[in-house]
Amino acid sequence: MTDTQPKLLIENDGAVRTLRLNRPESLNALDNDLLKALGRAVADAEKDKTVRCVVVTGAGRGFCSGQDLAAVAARYTTNEPIDLGLHLREHYNPIITRLRTIEKPVIASVNGVAAGAGCSLALACDIRISAESASFIEAFVNVGLAPDAGSTFMLPRLIGVSRAMELAFTGRKVAAAEALQIGLVNQVVPDDQLAASTKKLADKLAGLPTRAIGLTKRAINASWRSDIETQLDYEAMLQTTAGQTHDHREGVTAFLEKRPPKFTGE
Ligand code: LHQ
């Protein structure tokens with residue numbers, strides 16, 4: 001790979017925007033350039049009204065191997081003090097926060113190994129569709145670190161505290177079949193069908209009422225720090241907004257006219 005190739009490929013297909021990590025020689029390890037490009041791309045996708053579904057995937061045989069350890073090691077050859085927390089706050093945390101709050105569906109199309117912060121990246125997406133040969137590794141412990149980039153938030157919520165502890169303590173590789181069984185991924189497909197299955201799901205999601213999906217995401221996120229009374233009230237407030245959208249009118253009209261709805265995302 002030459003330096004002229006972008007480290008992040010941005011592909012548009014109708015209302016679906018795919019962000020493809022493109023450092024295949026390192027299984028898409030995250031260096032500063034790639035992190036910056038990813039941060040910008042997620043922010044752009046959030047702003048762009050023509051984008052109604054975002055897909056995150058990797059080029060080559062890996063999804064993402066996490067922080068580029070060569071870049072970290074390079075810093076350890078000098079006496080320069082290194083603050084990993086600063087690096088997380090500057091580069092990772094804004095990306096993870098935005099993926100969790102962007103009011104559009106985000107799919108991780110996991111084409112290969114997702115390790116360390118690469119696993120966190122997959123977990124930060126709303127839905128995970130995985131190739132049969134893909135795997136998930138909470139690899140942080142293998143390099144003497146605690147999980148970051150949102151893994152300690154998403155992992156117990158997806159698979160329960162006990163399993164989250166085990167995977168984070170051991171850093172063992174979880175194959176796609178086990179990931180499906182424990183609820184780490186939504187769907188596992190044969191490797192050669194990952195692109196087509198992702199496209200099918202992404203096209204479907206991009207054609208749904210995007211505002212309602214955004215509000216759904218907001219409500220489910222809020223439920224994690226809520227109680228039932230507060231949540232019921234929050235749902236009512238969000239439904240006031242949803243009830244004023246064009247897509248709500250269209251959905252009701254289409255139902256009564258016995259035709260498929262044409263949602264515009266407005
Ligand atoms: C890599 C990497 C990699 C560089 C494979 N970096 N080159 C930490 C610090 C700071 C702040 C932010 O947060 C974090 C959180 C983290 O993400 S810590 C965890 C970082 N990731 C890992 O510890 C995973 C390291 N990689 C592996 O354990 C293996 O490569 C896996 C299990 C992912 C894949 O194994 P294999 O399929 O056997 O492939 P491989 O090991 O042969 O890797 C292929 C190439 O990719 C190889 O380069 P080479 O020149 O020998 O072909 C690796 O050196 C390179 N690579 N991960 N993170």
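To keep things clear, this report deals only with the structure shown in the data block. Quantities reported herein were computed from a predicted structural model and do not represent experimental measurements.

Focus on helix H10 (residues 228-242)
Part 1 of the argument: An ideal rise of 1.5 Å per residue puts 21 Å on 15 residues; H10 measures up with 20 Å between its terminal C-alpha atoms.
Part 2 of the argument: Those residues of H10 that fall on the buried side of the exposure criterion are Gln-231, Leu-238 and Ala-242. Along the axis of H10, the buried residues cluster in a sector spanning 50°; they form a single face. Among the exposed residues of H10, those oriented more than 90 degrees off its buried face are Glu-229 and Asp-233.
Part 3 of the argument: On its buried face, H10 is in contact with helix H9 (210-223) and helix H11 (246-256).
Part 4 of the argument: Of the residues that open H10, the one with a side-chain oxygen 3.2 Å from the backbone nitrogen of Glu-229 is Asp-227.

Quick look at the site of the ligand
Part 1 of the argument: Taken together, 23 residues form the shell around the ligand, and within it Arg-61, Ser-65, Gln-67, Leu-69 and Asp-148 come nearest.
Part 2 of the argument: In the environment of the ligand, a nitrogen atom lies 2.9 Å from a nitrogen or oxygen atom belonging to the backbone of Ser-65.
Part 3 of the argument: Ala-117 places a main-chain nitrogen or oxygen 2.9 Å from an oxygen atom of the ligand.
Part 4 of the argument: Contact with the protein chains covers 64% of the free accessible surface of the ligand, which is 1,000 Å².
Part 5 of the argument: Broken down by element, the residue count for the shell around the ligand peaks at four residues, all from helix H3 (residues 84-101).
Part 6 of the argument: Taken together, the residues of the shell around the ligand break down into 13 nonpolar, six polar and four charged.

With respect to the pattern of salt bridges
Part 1 of the argument: Enumeration according to the criterion identifies 17 salt bridges in this entry.
Part 2 of the argument: Notably, a salt bridge pairs Arg-218 with Glu-103, separated by 2.6 Å at the nearest N-O pair. Of the two residues, Arg-218 is situated in helix H9 and Glu-103 in the loop between H3 and strand S5 (106-110); the sequence distance between them amounts to 115 residues.

Some words on the environment of Ile-127
Part 1 of the argument: Locating Ile-127 in the fold gives a position in strand S7 (residues 127-131).
Part 2 of the argument: Ile-127 has contacts with Val-106, Ile-107, Ala-108, Asn-186, Leu-201 and Leu-205, leaving out every residue within four places of it along the chain.

Here's the deal with the nonpolar core
Part 1 of the argument: If you look at the biggest cluster of nonpolar residues, it comprises 57 residues, and the most contacted ones within it are Leu-8, Leu-38, Phe-63, Val-110, Phe-136 and Leu-184.
Part 2 of the argument: Top contributing element to this core by residue count: helix H1 (residues 32-47), with seven residues.
Part 3 of the argument: Not counting residues within four places of it along the chain, the set of residues in contact with Phe-136 comprises Val-110, Ala-114, Cys-119, Ala-122, Ser-130, Arg-172, Lys-173, Val-174, Ala-179, Leu-184 and Val-185.
Part 4 of the argument: Core analysis: the next-biggest nonpolar cluster, separate from the first, contains five residues, Leu-27, Val-113, Ala-115 and Ala-139 among them.

What about empty space enclosed by the protein?
Part 1 of the argument: The full count for this structure, using the stated rule, is one cavity of 30 Å³ or more.
Part 2 of the argument: If you add up the space inside the largest cavity, you get close to 60 Å³.
Part 3 of the argument: What lines the largest cavity is Leu-30, Leu-35, Leu-38, Tyr-92, Ile-95, Ile-96, Ala-117, Leu-121 and Ala-149.
Part 4 of the argument: Here the lining of the largest cavity gets three residues from one element, more than from any other, and that element is H3.
Part 5 of the argument: Looking at the lining of the largest cavity residue by residue, the classes come out as nine nonpolar, no polar and no charged.

Parameters and conventions
Residues numbered from 1 in each chain as written. Predicted model: local features only at pLDDT ≥ 70, side-chain atom pairs only at ≥ 80, totals over all residues. Heavy atoms only, no water. Helix = DSSP H or I, 4+ residues; strand = E, 2+ residues; numbered from the N terminus. Expected span 1.5 Å × (residues − 1). Buried < 20%, exposed > 50% of the residue type's maximum accessible area, 1.4 Å probe, protein only. Arc of directions from axis to C-beta. Contact = heavy atoms within 4.5 Å. Polar contact = N/O pair within 3.5 Å; in protein donor to acceptor, adjacent residues only side chain to side chain. Near = heavy atom within 4 Å. Areas by Shrake-Rupley, 256 points an atom, 1.4 Å probe, with all protein chains shown as cover. Nonpolar A, V, L, I, M, F, W, Y, C, P; charged D, E, K, R; others polar. Salt bridge = Lys/Arg side-chain N within 4 Å of Asp/Glu carboxyl O. Core = buried A, V, L, I, M, F, W, Y, C linked by side-chain atoms within 4.5 Å. 1 Å grid on protein atoms, 1.4 Å probe; cavity = no way out; pocket = protein on both sides within 12 Å on 5 of 7 lines; lining within 4 Å. Points joined across faces, edges and corners; volume = space filled by probe spheres on them.

Geometric values such as these leave the question of function open.
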